[in-house]
Amino acid sequence: MFDSHLHLDDERLAADRDEVLARARAAGVSGFLVAGVDPEGWRAEDALARAHRDVFVAYGLHPWIVAHAADDEVEPLLLALAASLQGGLTRPVALGEFGLDASVRVPKESLPRQEGAFRAQLAMARERDLPVLLHILRAHDAALAILKSDRPPRAGGVVHSYSGPAELVPRYLELGLHLSFAGPITYASARKTREAARAVPQDRLLVETDAPDQTPEPLRPGRNEPAFLVHIVRALSAVRGENEAELGAATGANARSLFGIKE
Ligand SMILES: [Zn+2]
């Protein structure tokens, strides 16, 4: 299995990070992609990738960072991101996470600023032909319009922790994107997410924990960790009527192929 999106650098995992990784490996997780959020995080990710050969990194500006920045702070952040891709830090296998968030967690007035940073990061990914990690929450129509006009990179990408309806799945597939499912697939209340998960062909499917957030059942509430990917694969295989071990292997192979990771 491959955990295609987590925040291993998060301070909530700092106290026992090596044990967290050891438990995940023992549970059958053989690769970890750490999603980038902000410049401080990219440096922490770099250190983790240097210490562990099964940890891979992506650098990006999370929509919440952009939403809470001042207008004149965004350009320097984008320049810092471009610089982080020039070398010095561990070579990323993707750009992200970035995207659009219109949930209650961010001020509505930030949407134009988020759109600007979304487009700028998409352009960076196209230039370098790096796959993208997209965070799209309650903003699917706006995000699809941008993706359709600007286009994703040829290398593709993934909508992480997909929370949109099944009807929009074909629109993301047409754009060449993968869809990834996280802890919510295990929640009794997530009927819409289960329908969406059935609409994704197996060769476009990824799994992730998004640890330390989005803890799956039956481990809620509490901190999430990558070993819990097992519960997500189990729930997803039940929803799709597929074999659990095969689905774990298939989503792992999809992730390695999308992110250009050998072995
Ligand atoms: Zn994330």
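Relevant structure appears above.
So, here is what we can say about the structure in this document. (Residues numbered from 1 in each chain as written. Predicted model: local features only at pLDDT ≥ 70, side-chain atom pairs only at ≥ 80, totals over all residues. Heavy atoms only, no water.)

**A word on the coordination of the zinc ion**
Which entries qualify depends on this criterion: Shown as donors are all N, O and S atoms within 2.8 Å of a metal ion, widened to 3.2 Å for Na, K and Ca; because water is not in the atom set, sites may appear incomplete. Here the metal geometry follows the donor angles, with tetrahedral for four donors whose angles all fall between 85 and 135 degrees, square planar for four and octahedral for six when opposite donors are more than 155 degrees apart and every other angle is between 65 and 115, and irregular for all the rest. The helix and strand labels rest on DSSP assignments: H or I over at least four residues marks a helix, E over at least two residues marks a strand, and numbering proceeds from the N terminus.
Coordination of the zinc ion by the protein is provided by H5 (NE2), H7 (NE2), E97 (OE) and D210 (OD), with metal-donor distances spanning 2.1 to 2.8 Å. In this structure, the zinc ion is surrounded by four donor atoms whose angles at the metal cover 82 to 171°, and the resulting shape is irregular. Each donor residue of the zinc ion belongs to the same chain, with the gaps between them written as H-x1-H-x89-E-x112-D. Here the residue E97 occupies a position in strand β4 (residues 94-101), and D210 occupies one in the loop between β8 (205-207) and α9 (229-240), the gap between them amounting to 113 residues.

**A look at the environment of L122**
Operational definition: Three labels apply to residues, based on accessible area from a 1.4 Å probe with only protein chains included: buried if under 20% of the type maximum, exposed if over 50%, partly exposed otherwise in between. It only takes one pair of heavy atoms within 4.5 Å for two residues to be counted as in contact.
Inspection of the secondary structure puts L122 in helix α5 (residues 111-128). A relative accessible area of 0% means that L122 is categorised as buried. With 30 residues separating them along the chain, L122 and P152 place their C-alpha atoms 6.5 Å apart. Setting aside chain neighbours within four positions, we find L122 in contact with F98, I146, L147, D150, R151, P152 and P153.

**Details of the pairing of strand β3 (residues 55-59)**
Heads up, the condition is: Two strands qualify as a pair provided that DSSP identifies no fewer than 2 bridges between them. By convention a crossover is right-handed if, when the strands point away from the viewer, the path from the first strand over the helix to the second runs clockwise.
Extensive coverage of β3 is indicated by the burial of five of its five residues. Along β3, one buried face is formed by V55, V57 and Y59 and the opposite face, lined by F56 and A58, is buried too. Sheet analysis places strand β2 (residues 31-34) next to β3, joined by three bridges and oriented parallel. Each bridged residue has a counterpart across the sheet, and for V34 the counterpart in β3 is V57. For the handedness criterion, the β-α-β arrangement of β2, helix α2 (residues 39-51) and β3 is classed as right-handed. Two strands pair when backbone bridges link them, and β3 and β4 are joined in this way by two bridges, in the parallel orientation.

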